[in-house]
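So the chains spell out like this:
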Amino acid sequence: MDGRSQLDVRPAAEPDVPQRRIDGVELARVTPYVDHRGALTEVVNFDHSFWRDPVVYAYCITILPGRIKGWGMHKLQSDRYFLVRGSVRTVLYDGRAESPTFGAFETHSLTTASSGLLLIPPGVWHASQNWGEDEAAIMNFPTRPFDRENPDKYRLDPHSDEIPFDWSLPDG
């Protein structure tokens, strides 16, 4: 028996349930080095296993306050996100029918102060919501260059019922 269940605390409440991770998704938190002049944050370090696939292309996404970019999905490439600035909630939905985590959601709250590298595998739908007051910017380092003639990009309206997610933000 663990010690938590023996403590009498009121009001009674249910314990948090750990979020199930979607198969193949990785989050590597990065630590900024801060001093009186500003900050330095290491993004690409090929000694880290996050970068096992080469960097072949990069672009920057911006999201205005209160807006959502997504749902988007790729069948051939992984996305590798790094939040440059802002406050973003990135929601993932496993749409891979053969995946052990098919139908699962995963949510990541990234801020300038608590950023990270987020690997989103092929077949995982993703959308990012700017819940801050300023424009957010995300760098993406996909594992394949963009093919303008045959783009590997699939989209759904984030407010459709195709992927059942409530985009309202909780109070507090």
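Preceding this paragraph is the structure being described.
In every chain, residue numbers begin from 1 and rise along the written sequence. It should be noted that, the model being predicted, local features are given only for residues of pLDDT at least 70 and side-chain atom pairs only at 80 or more, the latter also being counted only at that level, while totals for whole chains, interfaces and linings use all residues. No hydrogens and no water enter the side-chain calculation; it runs on all heavy atoms of the structure.

Draft legend 1. Up close: the pattern of salt bridges. For this document, the term salt bridge refers to a Lys or Arg side-chain nitrogen within 4 Å of an Asp or Glu carboxyl oxygen. One pass over the full model with this rule turns up six salt bridges. R85 is the salt-bridge partner of E135, the closest N and O atoms lying 3.2 Å from each other. Of this pair, E135 sits in the loop between β10 (124–130) and β11 (136–140) while R85 is found in strand β6 (residues 79–85), placing the two residues 50 residues apart along the sequence. Exposed residues in this analysis have more than 50% of their type's maximum accessible area, buried residues have under 20%, and partly exposed residues fall in between, with area computed by a 1.4 Å probe over protein chains only. The partly exposed category is assigned to E135, whose relative accessible area is 30%. Note that R96 is salt-bridged to D94, the shortest N-O span being 2.8 Å. The pair R96 / D94 is uniform in exposure class, with both members buried. Strands here are runs of E lasting at least two residues and helices are runs of H or I lasting at least four, both read from the DSSP assignment and numbered beginning at the N terminus.

Draft legend 2. Representation of unusual backbone geometry in the model. The step from R10 to P11 runs through a cis peptide bond, and the omega angle for that step is -5 degrees. In this structure, P11 sits in the segment before β1 (26–29).

Draft legend 3. Here's a closer look at the pairing of strand β5 (residues 68–73). When DSSP finds at least two bridges between two strands, those strands are taken to pair. Of the pairings in the sheet, the one linking β5 to β10 comprises three bridges and is antiparallel in character. Across the sheet, residue K69 finds its bridge partner in β10, namely S128. Judged from the two bridges that link them, β5 and strand β12 (residues 154–155) form a sheet pairing that is antiparallel. Its bridge partner being in β12, M73 is matched across the sheet by Y154.

Draft legend 4. Summary view of the sheet that holds β10. Read across the sheet, five strands follow the order β8-β7-β10-β5-β12 without closing on themselves; strand pairing throughout is antiparallel. Lying at the two open borders of the sheet, with one neighbouring strand each, are β8 (105–111) and β12. Pairing analysis gives seven bridges linking strand β7 (residues 87–94) to β8, with the strands arranged antiparallel. Note on β8: the bridge partner recorded for V88 is L110.

Draft legend 5. How the structure looks around the packing of aromatic side chains. Geometry of aromatic contacts follows a simple scheme: Phe, Tyr and Trp rings, the Trp one being its six-membered ring, pair when their centres are within 6.5 Å, and the pair is stacked under 30 degrees between planes, edge-to-face over 60, tilted otherwise. Counting across every chain of the model gives eight aromatic pairs. Ring centres of F105 and F165 lie 5.7 Å apart, and the angle between their planes is 35 degrees; on these two criteria the pair is classed as tilted. One end of the pair, F105, is in strand β8; the other, F165, is in the segment after β12, with 60 residues separating them in the sequence. Taking relative accessible area as the criterion, F105 reaches 26% and is therefore assigned partly exposed. Grouping aromatic residues by their ring pairs yields a cluster made of W71, Y93, F105, F165 and W167. Looking at K75, its charged tip hangs above the ring of Y154, at a distance of 4.8 Å from the centre. Whether a charge sits over a ring comes down to the Lys NZ or Arg CZ being within 6 Å of the ring centre and within 35 degrees of the ring normal.

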